[in-house]
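Here is how the chains run, residue by residue.
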Amino acid sequence: MRVSFEVNGHEVTADNVWPGESLLYVLRERLGLPGSKNACEQGECGSCTVYLDGVTVCSCLVAAGQAQGRAVRTVEGLAESGDLAERRLSPVQEAFVEAGAVQCGFCTPGLLVQTDDLIERTVGQGGGVPDEAEIREHLAGNLCRCTGYEKIIDAVRLAAERTAAQRDGGGPA
Amino acid sequence: MASTSTRAPVGLSSVTRDGIGASPRRPDGTLKVTGEFAYSSDMWMEDMLWGATLRSPHPHAEILGIDVSGALRLPGVYAVLTHEDVPGEKRYGLEYRDQPVLAFGKVRYKGEPVAIVAADHPETARRALERIKVDYRVLEPVSDARRAALDPDCPLVHEEGSLPLHEEHNQRGNRVRYQPIRTGAFADGASVEEVRALADVVVTGEYEVGMQDQAFLGPESGLAVPAEDGGVDLYIATQWLHVDQRQIAPCLGLPADKVRLTLAGVGGAFGAREDLSMQIHACMLALHTGKPVKFVYNREESFFGHVHRHPATMRYEHGAKRDGTLVYATMEIVLDGGAYASATPAVVGVASSLGIGPYEVPHVSVDAYGVYTTNPPCGAMRGFGAVQACFGYESQMDRLAAELGMDPVDLRIKNAVSQGSRIITGQEIDMPMPMAEMLRRAREMPLPPDRSSLPAPSDPRTLPGGVANTSHGEGIVRGIGYGVGLKNLCFSEGFDDYSTARVRLEVVGGEPAVTVHTAAAEVGQGLVTVKGQIARTELGVERVTILPSDTRVGSAGSSSASRQSYMTGGAVKTACEAVRERVFALVRERGLVEDGHPDALLSLSGGKVVSAAEGVLISLADLLGGEAIEETREYHHRPTQMLDPSRGQGSSHTQFGMCVHRAVVDVDVELGLVKVVALDAVQDVGKVMHPQQLAGQIQGASAQGLGLALMEEIQVHDGVIRNPSFTDYLIPTILDTPPMRIDVLEHPDPHAPYGLRGAGEPPTLSSTPAIVAAVRNATGRPLTHAPVRPEDIVGIDPPQG
Ligand code: FES
Ligand code: FES
C-alpha cells in the first residue's frame, strides 16, 4: 500500500507499506527519520511520541495508513530548519542538553515532543510556567530509565521559563 | 607528579575552561536532542537483511530434531541457521564458556535461541520463524534455586562432565560457585550455638529479592556487515567491545582482528549488555549471506535477550550486646543464576564479601551460593550482588534496632566501618569511609513538609494511588527509613581490567586540538564528557574531540562496576601526561627553559606552555607547528586477590564506595499503595568530576532502587516469565519518583586518579532498603520481600500462581 502525509512540513510518500506497519516503523525504516524511538511498541514508554495533526501520540500505536493525508511532526522537526552547523536548537532541546536531562538519550525524542506540547499548552497559550505537579502529570507516559527524572523536570522548567521570557520580552531569551 | 594549577597562570587571563570539576555539555547532547544520534537500532544499509531468532518455548527440554526446510522456502528468506552452522566454538560465556550460540542437545531456559533467520523484511523473518519445526522432549524444569544449591539429588542443569570445572569457585553439580567466609571464632571452627552465647540479643530474618530487569530503553540491536577480507564489521550497543570480540571471534572461527567492532549508540545498559545477545547471530548471518544483517529485539524479546538481576533468598542471624555492639553475624545467600553462568561467579564474590555490609563484626560466617537452574539466566545488573545483600543486612539492622529499642541510625553509627576497618575478607578499607558522618548528615537533611501543611493535602497527585483517586487522604501513614550500602568499585578478585587511551595533540587551523581515542562504551553515563574534561585539564587545551569507540585501540574494560571514570579516566589522564612530557621535552629542546628546569614548574593552560616563574613561555600552536604528539597508555588498578575458596579471605576489591539514603513515604495502609515523598542521598565520591552528571548518576541509581523496593519483579513460574512487557513489568514513571536531594562529600581516595570514586552504583544499593524501611516504619509490617507488594502491606497472602 502507498501512504502519503506531511512530515515536518514536507510531503512524503511511502510505498509497499505492509498493512501491519506502524507510523513509527514507516518513519524510521522507510522515510529515514529514525529520531523517534521504539522502546516497547505497546504504547507504554512514550519514546515514539510525535505530533499527529498537532496532538501528541505514540506513533507505535498508530497504523501507518491512519496517517494518510495528515501532518506529522517528529523530534527532527523541532529545531529550526537550516543546515546542521547553523541550525538553532529549540528552547526545549537546548534546555534538555543544558540541564543534564539527557543521558543515554533514548527517551529524549519522545520527552522533547511531549514537553514541547506542554509548553505550547501553557506558556504558548498565554499561561504561566507549569508547576512541578503539572510537569509530572504531563510527562507521566514517558519512561526514562537513566535520570530518575529530576534533571528532566529542571529542563522542562528551564525551557518553559525561557519561552515565557521570550514571549514577554519579545526577543530570544 | 606534574599537575595543572586551578589558578590562572601568570600572563593568562583565565584557566582552561570545561576541565574536571566543571559541568560542560555532553559532546553527544546536541545529536541526541535533534534525533540524529545513531543508536544501534538506527543503523541502516542499502540491501540489508533483518535477523530474527527462534527461541525455546520450554524451560528445559531435549532437542530431538530441527527442520528448517519450511522456513527456507518462504520467499524473502535468505538464510536459516542452527547450531550445525556455527563455524567455530559452539559455546561462549563471560566467565565460564557454557552458553551455546544456538542450542544443541538441550534447551535450558525458556527463550533460549535455537535458530536464526535472515530475511528482507522483519515480518518475513518472523513468519519464517513460525515455519521452523523443532521436536522437543520436555524435561522437568529445575526451578528451585535453594534445592539446586543444597540438594545433591536435584537433577543437573548441565550434565556431569559437560563443562570444565572451576575448582577455585567450588563449582560442583548445579553450584556455579560456592563461597564460604569464616572470621573470628567461626574461622576457628566454633559453631553458631557457641558464638550465639556471646550475644545478649539475637535477631534472625529471611529475606528475598525478586528478579529485577535492567529495562534499558534501547533494546538489543546491531548491524553486522561482511567485509571483503572474509571478516566482519559489527556496529553494536554493548558495554565492553573487546570482551564481545573475544567471545565472538572463536565462535565464528575467525581471528580477533577479522572481527572489528564499533560502538553504536547505546540506549542504556545497567549490566544487561555485559553478555552477548545477537552479536554472534548477526555476524553468522552476515557471513553466510554476504549481506549486512540487522537485528532489533522488541521489548518482549529483550526480556529473553539479556540476563537479569539474580533473585536471592537470604537467611541472616545477628547477635549484639545490649548497647548495640555487634558480636556476630551469619548469612546464607542463594543467588539463582539461571541456565548459564554469565557473571554469576563474580556476583557471588561480591555478595559474599559484602554480605554483612559496612559494619564491624568480629565473628562472621557467610555461605554464598550461585546456582544453575532452568530459570532465565541472571548476571550483571547495577549493584551486582551487593544490592541483594544490602537489602538483607539493612533489614537486619532495623530489626536489631527495634529489638534493642535503639534508633536505627544510632545503631548503624555505633557499628560503622571507617578508614582502617577490615571487611570480613580481611581486606582493609584503606581509603576514607566517613560512614558515621554520612549517616548524621542524612538524618539532618530537612524533611519534606507534613501532609497537613501541604496547600492542598487532598490533592490526589500528592497521595499514594495518585490521580487514580484511590484516597483523599484517609488511611495515609507516613514513614521514614534509612539505608546504607557498601559497594566494590572496579573489577575484583584478580581481574586486571585495564583501560587504554590514545591521545593526540596537534595544531588544527592555527589552534591546538586534542583527540582522545578509547574503546570505552558510552552507555549514557557521560564518560564522553569526562574524557574531554580530563584532556582539557591535563593539556590545557579546550578543543577536544572524542573519537568513536572501537576495537582499533586497546581494551577499555567494561562500562560496569562504576569503573570507567576511574579506569578509562585514569588511562586518558596517563596518556595526556605522556603527551605533556613530550611537550615539555620539546620546550627544553628549543631552549625555552634551561636544561635542568624541573617539569613540576611547567604546565599547560589556555593553549600555552606556562612556567611557574616566568609565566607564558610559548603557545602550543607555535611550539608544535606541523608536528603531532600522540601517546597511547594502559592504565591498571592495583592488583587484587581471589578469595580463598575455604575461608573467603583476600584483598579482593579495588575500591569501596558508599551511599546513605533516607526515604520518606506515605502509605495507604488500606490499599497497600506507597508514594515515596522524598529520597535523599549522601554519597562520598572522592572527587566530583562533573557535578551535573554525578547528580544524574545518583538520582538515576536511586530511582532504580526505588523500582526494586516497590514495583519491579520479573515473575517467573516454573521457568516461565509471566510479565515480559512494560505493561506488566513496571518501572518508575515520573509520578512514582520523588524529589531527590543530594549531599556529596569529597574525601579523596589516595589510590585513584584525582582521588575519585566510582559513583554509579552505590545509590542503587541503599535506596531499596531505605524505602522498604520507611514502609515498615509506616505499617509495622515485616516486609521481607523486595519489591514490597500491596498484599504485604495490607497483610494478606499473595495470590498463589
Ligand atoms: S515505543 Fe511507542 S510507546 Fe513505547
Ligand atoms: S536518558 Fe536513558 S532512558 Fe532517559
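Residues numbered from 1 in each chain as written. Chains lettered and ligands numbered in written order. Predicted model: local features only at pLDDT ≥ 70, side-chain atom pairs only at ≥ 80, totals over all residues. Heavy atoms only, no water.

You'll find chain B entered in an unreviewed UniProt entry as Xanthine dehydrogenase, molybdenum binding subunit apoprotein, with Marinactinospora thermotolerans DSM 45154 given as the organism.

For chain A, the name recorded in an unreviewed UniProt entry is Carbon-monoxide dehydrogenase small subunit, with Marinactinospora thermotolerans DSM 45154 as its organism.

Asks: Looking at this model, I keep getting lost on the overall build of chain B. Mind explaining?
Replies: Within chain B, the secondary structure is distributed over 18 helices and 33 strands. In terms of overall size, chain B behaves like a compact globule, its C-alpha atoms giving a radius of gyration of 27 Å where 801 residues would be expected to give roughly 28 Å. On the principal axes, the C-alpha backbone points of chain B span a range of 80 × 75 × 60 Å. Total accessible area on chain B is roughly 27100 Å²; 49% of this is exposed by carbon and sulfur atoms. When the 73 basic and 100 acidic side-chain charges of chain B are each reduced to a single mean position, those positions are 2 Å apart. (Helix = DSSP H or I, 4+ residues; strand = E, 2+ residues; numbered from the N terminus. Rg over C-alpha atoms; globule rule 2.2 N^0.38 Å. Areas by Shrake-Rupley, 256 points an atom, 1.4 Å probe, with all protein chains shown as cover. Lys, Arg positive; Asp, Glu negative; His and termini not counted. Charge placed at Lys NZ, Arg CZ, Asp CG, Glu CD.)

Asks: In this structure, what is going on with the sheet that holds strand β21 (residues 499–508) of chain B? I would like to understand it.
Replies: Within a beta sheet, neighbouring strands are joined by backbone hydrogen bonds and run either parallel or antiparallel to one another. Residue and element names in this part refer to chain B. Here we have 4 strands laid out as an open sheet, ordered β23-β22-β21-β27, and mixed in their pairing. Because the sheet does not close on itself, it has two edges, and the strands there are β23 (544–546) and β27 (629–635). The average angle at which neighbouring strand axes cross in this sheet is 20°, direction not considered. Pairing geometry for β21 and β27, over 7 bridges, is antiparallel. Note on β27: the bridge partner recorded for A501 is R633. Across the sheet, helix α13 (residues 527–539) lies against β21, β22 (511–517) and β23, angled at about 145° from β23, the strand it touches most. This element, helix α14 (residues 564–589), spans β21, β22 and β27 of the sheet and lies at about 145° to β27. (Pairing = 2+ DSSP bridges. Axes fitted to C-alpha atoms, helices over the stretch in contact; angles between N-to-C directions. Contact = heavy atoms within 4.5 Å.)

Asks: Teacher, can you tell me more about the pairing of strand β3 (residues 49–52) of chain A here?
Replies: Residue and element names in this part refer to chain A. Judged by which residues are buried, β3 turns out to be covered on both faces: T49 and Y51 on one side and V50 and L52 on the other are all buried. Pairing of β3 with strand β4 (residues 55–58), which is carried by 4 bridges, proceeds in the antiparallel orientation. For V50, the partnering residue across the bridge sits in β4 and is V57. Hairpin geometry of β3 and β4 is characterised by an intervening segment of 2 residues between the two adjacent antiparallel strands and by a positive phi of about 50° at D53. Pairing of β3 with strand β5 (residues 71–73), which is carried by 2 bridges, proceeds in the antiparallel orientation. Bridge assignment links L52 to a residue of β5, and that residue is V72. (Buried < 20%, exposed > 50% of the residue type's maximum accessible area, 1.4 Å probe, protein only.)

Asks: Help me understand the packing of helix α6 (residues 241–252) of chain B against helix α7 (residues 279–289) of chain B, please; the structure alone is not making it clear to me.
Replies: Helices that pack against each other are described as a pair by the angle of their axes relative to one another and the distance between those axes. Residue and element names in this part refer to chain B. In contact at an axis separation of 10 Å, α6 and α7 are set at 40° when each is read in the N-to-C sense. With respect to α7, the axis of α6 lies oblique. With respect to the hand of their crossing, α6 and α7 are arranged in right-handed fashion. The segment α6 lies against α7, with D244, Q247, I248, C251 and L252 engaging Q279, I280, C283, M284 and L287. (Parallel < 35°, antiparallel > 145°, perpendicular 65-115°, else oblique. Left-handed = near helix turned anticlockwise from the far one by under 90°.)

Asks: Would you take a moment to explain the domain arrangement of chain A for this structure?
Replies: How big an interface is tends to be reported as the loss of accessible area on association of its parts. Residue and element names in this part refer to chain A. Partitioning chain A into structural domains gives domain 1 (3–77) and domain 2 (84–170). Domain 1 and domain 2 are separated by 21 Å when their C-alpha centres are compared. In this complex, domain 1 contributes 16 residues to the contact, which on the side of domain 2 involves 13 residues. Along the contact surface separating domain 1 from domain 2 lie 1 salt bridge. Linking domain 1 to domain 2 there are 6 residue pairs in polar contact (both at pLDDT 80 or more). Broken down by element, the residue count for the side of domain 1 that touches domain 2 peaks at 3 residues, all from β3. (Domains from an automatic or database assignment. Salt bridge = Lys/Arg side-chain N within 4 Å of Asp/Glu carboxyl O. Polar contact = N/O pair within 3.5 Å; in protein donor to acceptor, adjacent residues only side chain to side chain.)

Asks: In this structure, what is going on with the pattern of salt bridges? I would like to understand it.
Replies: Per the counting criterion, the structure on display carries 63 salt bridges over all chains. Close ionic contact of B:E506 with B:R504 constitutes a salt bridge, the shortest N to O distance being 3.1 Å. Take B:R504: its relative accessible area is 29%, and that puts it in the partly exposed class. Ionic pairing is found between B:R582 and B:E631, a salt bridge with its closest N-O pair at 2.9 Å. Of this pair, B:R582 sits in helix α14 while B:E631 is found in strand β27, placing the two residues 49 residues apart along the sequence. What you see here is one network of salt bridges that share partners, running through A:E132, A:R136, A:E150, A:D154 and A:R157.

Asks: What should I look at first to understand helix α3 (residues 108–121) of chain A in this one?
Replies: The α-helix advances 3.6 residues per turn, and as a result positions three or four apart in sequence lie on the same side. Residue and element names in this part refer to chain A. If you check α3, its first and last C-alpha atoms are 20 Å apart, about what 14 residues at 1.5 Å a residue would give, namely 20 Å. Counting buried positions along α3 gives 12 out of 14 residues, so the element sits mostly inside the fold. All of the buried residues along α3 are T108, P109, G110, L111, L112, V113, Q114, T115, D116, D117, L118 and I119. (Expected span 1.5 Å × (residues − 1).)

Asks: Mind showing me how you'd approach the sheet that holds strand β13 (residues 259–263) of chain B here?
Replies: Residues and elements named next belong to chain B. What the 7 strands build is an open sheet, ordered β3-β7-β1-β14-β11-β12-β13; its pairing is mixed. Unpaired on one side and paired on the other, β3 (77–81) and β13 mark the two borders of the sheet. Strand-to-strand twist in this sheet, taken as the mean axis angle between neighbours without regard to direction, amounts to 20°. In the packing of helix α3 (residues 122–130) onto the sheet, the strands contacted are β1 (49–55), β3 and β7 (113–119), and the crossing angle to β1 comes to about 30°. The strands touched by α6 within the sheet are β12 (232–236) and β13, with β13 carrying the most contacts at an inclination of about 150°.

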